[in-house]
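One-letter residues, chain by chain:
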Amino acid sequence: MSMVIELRDVTKQYGSQTAVNRLSLEVRQGEIFGFLGPNGAGKTTTILMLLGLSEPTSGSVQVCGFNPAREPLQVKRVVGYLPENVGFYDDMTAAQNLAYVGRLNGIPEAAIPRRVDEMLDQVGLLGESRKRVGAYSRGMRQRLGIAEVLMKDPKVIFLDEPTLGLDPDGTVKMLALIQSLGRDKGMTVFFSSHLLDQVQRISDRVGIMLQGKLVAVGPIQELGTQKLGVGTQQYTLEEIYMRYFREGAPAGA
Amino acid sequence: MHGFRAIYRKELEDHFSSTRFVLLFTVILMISLISAYMTGTGLRRELEGIAKPSLVFLMLFTSTGALFSLAQFVAFFGPLIGMILGFDAISRERSARTLSKLLSQPIYRDAVVNAKFLAGVTLLSIMFLAILLLISGMGLLTLGVVPDLEEIGRLAVYLIVSVVYVGFWLGLAILCSVLFRSMATSALATLALWIFLAFFMALGASLAADILSPVRPGLSGDAQAEATIRHEETRQFVSMLSPISLYSESTSVVLDPLRKTTRSLVLMGPMERISLSRFQSALSLQQSLLIVAPYLVSLVALTVLCFAICYICFMRQEVRST
């Protein structure tokens with residue numbers, strides 16, 4: 001199976017501050033990868049470098065075989081990004097927003113209305129497609145964000161806190177959607193979240209970042225065995241994470 | 001290319017359906033029509049009894065109606081129009097968090113700033129053309145004089161120069177929108193630059209001339225004259241850097257065929273005044289353009305430079321969604 005995401009010795013410095021410190025990571029096609037770490041650990045910076053929105057100070061980044069900084073268009077054609085606070089044009093309807101994104105992706109004008117309806121149906125928003133996005137609830141906005149990402153039929157999707165602020169029903173639907181994207185459609189999902197029990201439910205592997213360094217990567221149970229020893233019970237991701245965090249945090253933090 | 005077209009189309013749609021544009025256009029339209037009507041009826045009264053009035057049509061745009069002529073109005077408020085259209089171009093997207101979404105699509109990054117600028121320029125051209133045509137119609141009704149080809153040519157040049165001029169301010173507003181996070185700051189920054197260029201450039205030019213080529217007292221007659229000439233030349237050169245003076249000088253010559261020089265009557269010497277009173281014939285469009293060619297070239301250069309700076313700043317910025 002091919003590697004869709006490859007980071008080799010990547011460093012990003014803002015002036016004297018190091019945001020990402022010699023990060024090396026590989027993610028396979030079709031994997032659901034959970035990216036964890038405290039705020040300011042460098043997660044968003046890493047995602048920006050993978051999208052080509054930011055250039056690494058040193059090291060190499062490859063997404064689907066392309067360098068995002070040098071070949072941004074090729075990368076953006078196959079990669080979708082759903083940020084934490086997704087923005088829409090509030091005075092346009094959901095269908096108009098999706099149509100705009102479709103046009104920006106070069107989808108021929110004739111094919112757009114059908115594709116828009118398809119995507120809205122997939123996320124369950126077909127009934128509200130004529131409403132202005134300004135009137136949408138948070139759960140609806142998140143789902144619309146996923147629909148927008150799916151418009152271009154990507155190979156890799158980056159999600160930043162996809163279930164934050166959703167009600168329980170919305171959370172269940174969102175997690176089911178993410179799982180179906182990975183399993184049924186073979187998309188690689190790279191998502192970062194603080195809600196560790198949800199990450200545990202759907203991830204194939206996780207990676208933990210602390211202060212710009214990747215301190216652990218692998219399937220959750222493997223990490224549990226490594227850090228907390230072999231035991232009869234299943235470790236929760238929270239226990240594993242907190243152990244890494246406490247060891248890695250500077251004194252007094 | 002598809003990215004540019006999609007953004008251009010959306011920006012144009014947004015502009016035309018926005019309340020801001022409708023209000024702006026209505027206000028300008030009302031002022032223009034009222035002033036054109038009053039100018040028209042005033043001219044009609046003044047020209048009564050003159051056998052063959054020539055070049056009357058252009059006077060519709062240059063003679064002072066109740067308070068001001070249309071040309072003066074555009075020269076003064078043009079910058080504001082450009083500013084209103086452009087001040088939130090990028091900051092609006094940034095605050096709605098749609099900018100990072102836009103840049104995550106497979107489009108060339110410069111398509112964003114190019115499309116916004118061109119959409120603004122298109123809007124300005126349509127607005128100006130509509131107003132010019134409406135005032136011409138009003139003029140035909142009140143004056144009953146049909147413009148000849150020469151006058152139409154001058155009006156076409158005036159339209160192009162005005163669009164370039166307001167385009168400069170549009171580019172400046174978009175530049176401030178790129179540089180500053182909040183819309184209020186970018187609006188204030190553009191406003192401050194306008195106030196500086198409009199009111200303080202004259203002082204600034206004299207100051208620069210005093211510093212660069214001062215006129216020292218106590219020199220002999222010839223040297224004194226030379227120093228004064230150099231001082232005046234420096235002052236004029238520095239004042240040519242302001243797009244406002246470039247625009248008002250060049251349009252005053254383009255719109256008034258009887259005007260043979262950009263200098264005001266007050267500063268002319270006796271010999272010039274005699275020659276001016278002797279040769280009262282009108283200039284052709286080509287001749288008028290020859291007089292103001294350097295001004296027009298400078299104006300175009302300034303506008304292009306302003307947009308280039310805006311382009312470079314936008315391309316080098318890092319965009320985060322958080």
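Everything here concerns the structure above.
The structure presented is a predicted model; accordingly, all values stated were derived computationally and were not measured.

Visitor: Would you mind going over the overall build of chain B with me for this structure?
Guide: The helix and strand tally for chain B stands at 13 helices and zero strands. N-terminal to C-terminal, the α/β element order of chain B is α-α-α-α-α-α-α-α-α-α-α-α-α. Considering only C-alpha atoms, chain B reaches an extent of 70 × 60 × 30 Å along its principal axes. Here chain B holds 322 residues, and 35% of them are scored as buried. Expressed as a percentage of contacts within chain B between residues at least 6 apart in sequence, the contacts between residues at least 24 apart total 83%.

Visitor: Just checking my understanding: could you explain the sheet that holds strand S8 (residues 205-210) of chain A for this structure?
Guide: All names here are of chain A. Taken in spatial order, the six strands of this open sheet run S5-S6-S7-S3-S8-S9, and their pairing is mixed. Strand pairing shows two members of the sheet lacking a second neighbour, strand S5 (79-82) and strand S9 (213-218), which therefore form its edges. Ignoring which end each strand starts from, the neighbouring axes of this sheet average 15° apart. Taken together, the four bridges between S5 and strand S6 (residues 156-160) define a ladder with parallel strand orientation. By the bridge assignment for S6, Leu82 is matched with Leu159. Running at roughly 165° to S5, helix H5 (residues 138-150) makes contact with S5 and S6 of the sheet. Together, strand S3 (32-36), S8 and S9 form the strand contacts of helix H9 (residues 237-248), whose direction differs from that of S8 by roughly 25°.

Visitor: What am I meant to see in the interface of chain A and chain B here?
Guide: Taken together, the contact between chain A and chain B spans 22 residues of the former and 19 residues of the latter. Of all elements in the fold, only helix H1 (43-51), helix H2 (72-78) and helix H3 (94-104) of chain A reach the threshold of two or more residues within the side of chain A that touches chain B. Ranked by the residues each element gives to the side of chain A that touches chain B, the list is headed by H3(A), at four residues. In terms of residue class, the side of chain A that touches chain B is made up of 12 nonpolar, six polar and four charged.

Visitor: Could you clarify how one ought to interpret unusual backbone geometry in this entry?
Guide: Most peptide bonds take the trans form, and the phi angle of most residues other than glycine is negative. All names here are of chain A. A positive phi is found at Asp153, a non-glycine position, where the angle reads about 55°. Residue classification places Asp153 among the partly exposed residues on the basis of 15 C-beta atoms within 10 Å. Of note in the backbone geometry, Gln211 takes a positive phi value of approximately 50° without being a glycine. Counting through the fold element by element, Gln211 comes out in the loop between S8 and S9. In this structure Gln211 comes out as partly exposed when scored by C-beta crowding, with 18 C-beta atoms within 10 Å.

Visitor: Sorry, what's going on with the sheet that holds strand S4 (residues 58-63) of chain A here?
Guide: What links the strands of a sheet is backbone hydrogen bonding, and the strands pair in either a parallel or an antiparallel sense. All names here are of chain A. Strand order across the open sheet formed by three strands is S2-S1-S4, with antiparallel pairing between neighbours. Strands with a single pairing partner mark the edges of an open sheet, and in this sheet they are strand S2 (17-28) and S4. Each adjacent strand pair in this sheet contributes to an overall mean axis angle of 15°, direction not counted. Examined bridge by bridge, strand S1 (residues 3-14) and S4 share five bridges and lie antiparallel to one another. Each bridged residue has a counterpart across the sheet, and for Glu6 the counterpart in S4 is Gln62.

Calculation criteria
- Residues numbered from 1 in each chain as written.
- Chains lettered and ligands numbered in written order.
- Predicted model: local features only at pLDDT ≥ 70, side-chain atom pairs only at ≥ 80, totals over all residues.
- Helix = DSSP H or I, 4+ residues; strand = E, 2+ residues; numbered from the N terminus.
- Buried ≥ 20, exposed ≤ 12 C-beta atoms within 10 Å, placed from the backbone.
- Contact = placed C-beta atoms within 7 Å.
- Pairing = 2+ DSSP bridges.
- Axes fitted to C-alpha atoms, helices over the stretch in contact; angles between N-to-C directions.
- Nonpolar A, V, L, I, M, F, W, Y, C, P; charged D, E, K, R; others polar.

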